[in-house]
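# Remarks on the overall topology
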Amino acid sequence: MRALTDHKTLGIAYANTSGVFMVVGFLLMLLFRWQLAWPGQPIPIATAIFGETNAPGGILLPEFYYQLVAMHGSVMIFLAVVPMAVGALGSYFVPLQIGAPGLAFPRLGAAGFLTYLAAGLLMAASFVLPGGAANSGWTSYPPLAILASSGQTVWLVGILMLGVSSMLGAISLVATVVAYRAPGLTLMRLPFFVWSQVMTALLLLLAFPALQGAAVFQLMDRVAGTSFFLPSGLAVSNTPLAVSGGGNPLLWQHLFWFLAHPEVYVLILPAMGVVAEVITAHARRALWRYGLMVGAVVALGAWSMVVWAHHMLLTGMSTTLSSFFQITTMAVSVPSVILITSLVVTLWGGAIRYTTAMCFALAFLPMFGLGGVTGLPLGLGPSNLILHDTYYVIGHFHYLVAPGTMFALFAAIYHWFPKITGRRLNERLGLVHFIGSFVAMNAVFLPMFLMGIMGVNRRMYDAGLQYQLAEPTLAWNPHMTWNAVALGVFQLVFLFNVVWSAKRGEPAENPWQATTLEWATTSPPPAGNFATPPVVTGGPYRYEEERA
Amino acid sequence: MSAIALSDRQGRAASTGMWLFIASIVMFYGALFSGYVLLRAGSTVWETPWRTGLAAEWPIAVDHWFRTMWLGIAVMQSRRLSGTGVPVAGLPRFSWVIALAGTAFVWRCADIAGWLASRGLVPATSVPLACWYVLTGTVALLVAGGTIAAVWVALEPVPAVQRARRGAMLQRYWLLMFVLWITTVGGLYLV
Amino acid sequence: MIGEWLNRWLPAPASAHAARFDSVLAATHTEGALIFLSWLVLFAIMLVKFRARPGGAPGAPAGQRWPLVAVAAVVLGDVWLLAGSALPAWFERARPAPPGAAEVRVVAEQFAWNFHYPGPDLHFGRTNPSLITAADPIGIDRSDPAAADDFVLIGILVVPVDRPTVVHLSSKDVIHSFTLATMRVKQDVTPGLPVSTWFTPITTGSWEVGCSQLCGLGHYRMRALFEVRSEAEWQAFVADEVSRLEPPS
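Keep in mind it's a predicted model, so treat the numbers as computed, not measured.

The number of helices and strands found in chain C is 4 helices and 10 strands. In sequence order, chain C lays out its α and β elements as α-α-α-β-β-β-β-β-β-β-β-β-β-α. Projecting the C-alpha coordinates of chain C onto the three principal axes gives extents of approximately 100 × 35 × 25 Å. Within chain C, the proportion of its 249 residues that are buried is 51%. Relative to all contacts within chain C whose residues are 6 or more apart in sequence, the contacts with residues 24 or more apart total 68%. Accessible area for chain C stands at about 11,100 Å²; split by element, carbon and sulfur atoms hold 64% of it.

As structure tokens, this is what we get:
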């Protein structure tokens, strides 16, 4: 507990915990991908593990399938990727990169982690409840979510706690950057990663409370019998629901997406920050048009709060309102293009070293790009109508988050592992991990765009067996599932690499000759981070001296 | 970093942290309040106990202004602590005044909720009542948190500089409570 | 080119507005492909050209104008998409249906689509939830004269070709999403918020009604038959269904 007040211990605690949740989320996915590949085929030993209520005779029931899907999304977003990108990387490297001895509010940071841990354990434990975990999708749309079993209540409590957790962490992080920068480290000399973390923290601070408000409403609807999201005259199975009515189901969607769209940027911005750090160090280049990029990342964060209703274009909102959100959505492409162009033009004239970290960071760019351009048809009414709630959407956001953000996280781990342990990860194993992940990820997600164009809906327990239009795609599912399995195998290589290299890897202080401040101290950094407080005299990326 | 510089940094961090916390609460309460506004705008009938005659039995609105005054007193008291970094000898006393006002506020909220509930007017009765309970309850909860913080500031022996800073933070928080409560009273009863 | 490629995979368009919607899809994918592919070429060139060589050192950075070119291209592309393609099509869909449309009420529930046809008098009779039975999931009030020739089909939607059909959507329980893939029709059906949409089928055929919004454990099987028939066949269908109605007692 006391140890957690050290930002490095805190970062490692976040990394390990979110790593475990990432594995959990991945295993949930493998289970439902089995069901999608071979609908209704028994899984050996499933009954022994999940019991008769979930998998009688090894066959996953819809009850269980929809829990798996809802919890895969919730675990991956709230318990795995955000805590890894913000909790782990932010807590560990932001103080180091600004030359600070620690976080401004160490106790808040520790409390934030413990709240996250409790929320995560609670949500994971909800699988053992009668009726199991939440099963109404990670979006939890009412009235369905209000009618759902008690796992949904736990989910809501978990979300409230996660909101508190991210608020505590975000306050601590931003205050650290504001107050504890090393002498001479002006705002425009900050590493880009710090900017991305600050923007992320601000988004969490300002957007998460909206979801917490919505969660309070939904919790009241479930526990106190109120009707915030329940209109009058509801009848379930032709039995009138004994509630007062008078509420509005769409209110949830507005509040939910007011968080959940910025949440996407919470997933993406730290990834951009990581990629900027890795690309500059491994291509020996200063970030190209740093000032413009800072402006773009601030604009992107701010703008992400006025686009939320593009998730709701088909709810029947007025054409004027939906047009407004289509226009704001298209405008997002401007800062996005600035960021991605600047990152790639940074390479110009550089000397690219193809390390594993660099491979992952470079692969992030086209993967993120693909996720970005497939957002175009989803943001416009007529094409959204064709693709809404199909596999196209799944492909789109997974390209942003899975081969996108996840690759950036891997890049961060390969890049900063020497900083944390004083040893390098094995490059050969790293290359196997990279190539395997790259191929498998694309093999899983690329077909989804085509499935979506063909009209195959998402959230189908039987992969669309009942639908004529899904018929040609049924044969693709086994291939996608095998690739998901392969993806898992390649992550085993990675896990082995991490465990092995932490003990026996090649010792290294600053193997990339990087110039940002975290490398100005020993690896791993001592307590208090810097033996002599650093003084900053220039920008973060000083590779120009190497020029021929 | 020298000792004085460190203290400056701590003050800056505390101030930043408090503003961020306030922004976060504003967004949280804003979500609840805009939910209330949207629900009310979208409904054809909006029946509240104080609109359908029950208010005559209990001057609720007056009572709310009474509570607002309590909060106002607390804020006025805390305003006297102005000036970060300056030791304030009387801070514990003011903290107790704030804590007392906060406790009274929370008690009044619970009392009215109990009075409503004893007449069968619970959150499940109608959306207007549900809104009343959630908005009032949220403010009461935030006030309760501020009360605990005030007691903490009063009791924990820390250096004078740090205590004065905590007093200033407390004051900002209570100003926020004041604004939230005026919004709630206005939104629930006056509009 | 991209449009042709998409057409190979899209469900065959069968409504009057489908081609226009597909063209928006094609336009967005064209812009997306142009941006992505040109960016990818640049990226690939750099990956090779600027690789670290033994003994080599980094050279001069790129000029400052690059992103302006990219941003200008993207802004132009976005404006073209919005003003030239998406919004006009979107606003056209928001117009009320032309007169002479066939009308059907669609009542969604877990996990079925119920279709309430007004019959030859073209007027929907009153409904009353207390009259709901297994055979009549929407509770038609037969005491209303307008309801005399109304009929309800569970899971079968039949509409005439070459004539607009207006669907009036409502839900009894949770949010569903009314989907006719070949018609390029998709509309969330939120309880408490009745909403209408319309389309004009241009070919006869037999397809399916789908639900696109997670509505519970049976979401995956919430599917209905959807048939577009010639005007004469459709009239015969209506007459046949009306003839099966029990005479009022």
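Two side chains carrying opposite charge are able to pair once their charged atoms lie near each other. A full pass over the atoms with the stated rule returns 13 salt bridges over all chains. Note that B:Asp111 and B:Arg108 form a salt bridge whose closest N and O atoms lie 3.0 Å from each other. Remark: B:Arg108 and B:Asp111 occur in helix 3 (residues 91-118); sequence separation between them is 3 residues, near one turn of the helix. For B:Asp111, a relative accessible area of 28% puts it in the partly exposed group. For B:Arg108, a relative accessible area of 10% gives the class buried. Put simply, C:Glu109 and C:Lys172 hold a salt bridge, and the shortest N to O gap is 3.2 Å. Here C:Lys172 lies in the loop between strand 5 (165-171) and strand 6 (176-180) and C:Glu109 lies in strand 1 (residues 102-109), a separation of 63 residues in the sequence. Pair check on accessibility: C:Glu109 and C:Lys172 agree, each one buried.

Residue and element names in this part refer to chain C. Relative to the elements of secondary structure, Pro-129 occurs in the loop between strand 2 (112-117) and strand 3 (151-154). Judged by its relative accessible area of 65%, Pro-129 falls in the exposed class. A sequence separation of 43 residues divides Pro-129 from Lys-172, and the C-alpha atoms of the two residues are 9.7 Å apart.

Looking at the secondary structure, you find B:Gln10 in helix 1 (residues 3-41). As a C-alpha pair, B:Gln10 and B:Arg119 span 109 residues in sequence and 51 Å in three-dimensional space. For B:Gln10, the contacting residues outside a window of four places in its chain are A:Tyr180 and B:Arg165.

Below, the discussion takes up the packing of helix 3 (residues 62-97) of chain A against helix 8 (residues 249-283) of chain A. Residue and element names in this part refer to chain A. Direction vectors running N to C along helix 3 and helix 8 enclose 45°, while the axes themselves pass 11 Å from each other. Put simply, helix 3 runs oblique to helix 8. The two elements helix 3 and helix 8 meet at a crossing, and its hand is left-handed. Side by side, helix 3 and helix 8 meet where Ile-77, Phe-78, Val-81, Val-82, Ala-85, Val-86, Leu-89 and Gln-97 of the first sit next to Leu-259, Glu-263, Val-266, Leu-267, Pro-270, Val-274 and Glu-277 of the second.

Analysis parameters
Residues numbered from 1 in each chain as written. Chains lettered and ligands numbered in written order. Predicted model: local features only at pLDDT ≥ 70, side-chain atom pairs only at ≥ 80, totals over all residues. Heavy atoms only, no water. Helix = DSSP H or I, 4+ residues; strand = E, 2+ residues; numbered from the N terminus. Buried < 20%, exposed > 50% of the residue type's maximum accessible area, 1.4 Å probe, protein only. Contact = heavy atoms within 4.5 Å. Areas by Shrake-Rupley, 256 points an atom, 1.4 Å probe, with all protein chains shown as cover. Salt bridge = Lys/Arg side-chain N within 4 Å of Asp/Glu carboxyl O. Axes fitted to C-alpha atoms, helices over the stretch in contact; angles between N-to-C directions. Parallel < 35°, antiparallel > 145°, perpendicular 65-115°, else oblique. Left-handed = near helix turned anticlockwise from the far one by under 90°.

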